[in-house]
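Listed below, chain by chain, are the residues.
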Amino acid sequence: MMSNRSLMFVISSFVLLSFCAVTMKAQLTATFYESSCPNVTTIVRGFVQKGIISETRVAASLLRLHFHDCFVNGCDASILLDDNATFTGEKTAGPNNNSIRGFEVIDAAKAALENACSQTVSCADILAIAARDSVFLSGGPFWKVVLGRRDSTTANQTAANVGIPAPFDPVTTIIKKFTDVGLSATDVVPLSGGHTIGRARCTTFNNRLFDFNSSGSPDSSIDPTFLSDLQTLCPVSGDNNTLAPFDRKSKDWFDNNYFKGLKNNNGLLQSDQELYATDASTKSLVDTYINSQSSFFQDFVTSIIRMGNISPLTGTAGQIRTNCRVVN
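The rules behind these values
- Residues numbered from 1 in each chain as written.
- Predicted model: local features only at pLDDT ≥ 70, side-chain atom pairs only at ≥ 80, totals over all residues.
- Heavy atoms only, no water.
- Helix = DSSP H or I, 4+ residues; strand = E, 2+ residues; numbered from the N terminus.
- Buried < 20%, exposed > 50% of the residue type's maximum accessible area, 1.4 Å probe, protein only.
- Disulfide = S-S within 2.5 Å.
- 1 Å grid on protein atoms, 1.4 Å probe; cavity = no way out; pocket = protein on both sides within 12 Å on 5 of 7 lines; lining within 4 Å.
- Points joined across faces, edges and corners; volume = space filled by probe spheres on them.
- Nonpolar A, V, L, I, M, F, W, Y, C, P; charged D, E, K, R; others polar.
- Phe/Tyr/Trp six-rings, centres within 6.5 Å; stacked < 30°, edge-to-face > 60°.
- Lys NZ or Arg CZ within 6 Å of the ring centre and 35° of its normal.
- Salt bridge = Lys/Arg side-chain N within 4 Å of Asp/Glu carboxyl O.

Visitor: Could you give me a rundown of unusual backbone geometry, with the residues and numbers involved?
Guide: For alanine 77, which is not a glycine, the phi torsion comes out positive at approximately 65°. Relative to the helices and strands, alanine 77 is located in the loop between α3 (58-70) and α4 (103-116). Judged by its relative accessible area of 0%, alanine 77 falls in the buried class. Within the chain, serine 214 stands out as a residue other than glycine whose phi angle is a positive 60°. By the element assignment, serine 214 lies in the loop between β1 (199-201) and α9 (224-233). Since its relative accessible area comes to 69%, serine 214 is described here as exposed.

Take a look at the structure:
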């Protein structure tokens, strides 16, 4: 007959093994869909590629969707949810309203995945894969995307308004928003480097062009020639939705020219230029990336993988939406 001590050992071992099994199951892994949906990355990449061919700006839009999703209650595809009777979604939050886009690419990829492997691949994982492919297809680095996220059943507009880094934020505020979600100050610069592709509306930077901080003058940190070009593009009485590229030298190519622009005082957003103008630690990283594109690529991959691990829903939490815009 088993002694009490032996029985306790067996029970303790079983509990420990069960805990480990649950923990392992909850971990994200690059092989998560290896058996259940082996063509997931091929399918998603096909639609990302079609989107970029149709409009190169889509690459930056898809990268931004993943970023803005992860900064609000984790990487759970809450950003994709439309408003409903229960909640007001994140699409109309200040940082997102009339700004985030690329939903049609995600919708198309999701529909194809539902045909290939129904109720298997989450919208949150589609966002992560699409962000990777957008960077890679724009000339940037490639990395293995860890998968296994599940989708939220709600959204949080208030958290989006508060937590997403804004173009008017000083660098200290941006660092705080990064650390609030478990990232670090060293993630700020490489992830800001995502602005090497894409464009911004006049409304996100025209505060710098004529009356910066109620001074009656433009932001003195802007290169004079660059300032003149921006004032012509975005006059006081102009259309605030007019677009300007973050990186004028290679606006659709993922490289380190964005950082070279900061050194030349050609940062489009206040939050961009402050990385070089006001903080010694971020300035040092910008200089590193100016001198070594490979260092930028390496650190960008490290940081975006870390970002993709912010508070994912795993196991039985959340759900696998069949339509990314609505809860099942």
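Further notes follow.
Visitor: So what about the state of the cysteines? Which residues, and what values?
Guide: Taken as a whole, this structure holds 4 disulfides when the rule is applied. Between the sulfur atoms of cysteine 37 and its disulfide partner cysteine 117 the distance amounts to 1.8 Å. Of this pair, cysteine 37 sits in the loop between α1 (4-26) and α2 (40-54) while cysteine 117 is found in the loop between α4 and α5 (123-137), placing the two residues 80 residues apart along the sequence. The exposure classification of cysteine 37 matches that of cysteine 117, with both residues buried. Cysteine 70 shares a disulfide with cysteine 75; S-S distance 2.0 Å. On the sign convention where negative is left-handed, the bridge of cysteine 70 and cysteine 75, at about 120° about the S-S bond, is right-handed. Per residue, the accessibility class of cysteine 70 equals that of cysteine 75, and both read buried. Counting only the cysteines that take part in disulfides, in the order they occur along the chain, gives the pairing 1-4, 2-3, 5-8, 6-7.

Visitor: Could you give me a rundown of the layout of surface pockets, with the residues and numbers involved?
Guide: When its volume is computed, the largest pocket comes out at roughly 800 Å³. As for the largest pocket, its lining consists of 39 residues, of which Arg64, His68, His195, Phe246 and Leu269 are closest to the centre. Contributing elements (two or more residues each) for the lining of the largest pocket: α3, α7 (171-180), α8 (185-192), β1, α11 (270-277) and α13 (293-308). When residues of the lining of the largest pocket are assigned to their parent elements, the largest contribution, 6 residues, is made by α3. Residue composition of the lining of the largest pocket, grouped by class: 21 nonpolar, 12 polar and 6 charged. Estimated volume of the second largest pocket: approximately 280 Å³. Taken together, 16 residues line the second largest pocket, and the ones lying closest to its centre are Ala30, Val40, Thr41, Val145 and Leu147.

Visitor: A description of the packing of aromatic side chains should follow, citing residues and the corresponding values.
Guide: In total, this model carries 15 aromatic pairs according to the counting rule given. Judged by centre distance (6.0 Å) and plane angle (65°), the ring pair of phenylalanine 296 and phenylalanine 300 falls under edge-to-face. With phenylalanine 296 and phenylalanine 300 both in helix α13, this residue pair falls 4 residues apart, about one helical turn. Above the plane of the ring of phenylalanine 47 lies lysine 50, whose end atom (NZ or CZ) is 5.1 Å from the centre.

Visitor: Tell me about the pattern of salt bridges, and please be specific about residues and values.
Guide: As enumerated under the stated definition, the model contains 14 salt bridges in all. The shortest N-O distance in the salt bridge between lysine 176 and aspartate 180 comes to 3.0 Å. Here lysine 176 pairs with aspartate 180, and both are found in helix α7, just 4 residues apart, close to one helical turn. Residue lysine 176 is classed as partly exposed on the basis of its relative accessible area of 46%. The exposed category is assigned to aspartate 180, whose relative accessible area is 52%. Taking the shortest distance from any N to any O, the salt bridge between arginine 248 and aspartate 229 comes out at 2.8 Å. Note that arginine 248 is positioned in the loop between β2 (243-245) and α10 (257-263) and aspartate 229 in helix α9, a separation of 19 residues in sequence. What you see here is one network of salt bridges that share partners, running through Arg45, Arg132 and Asp133.

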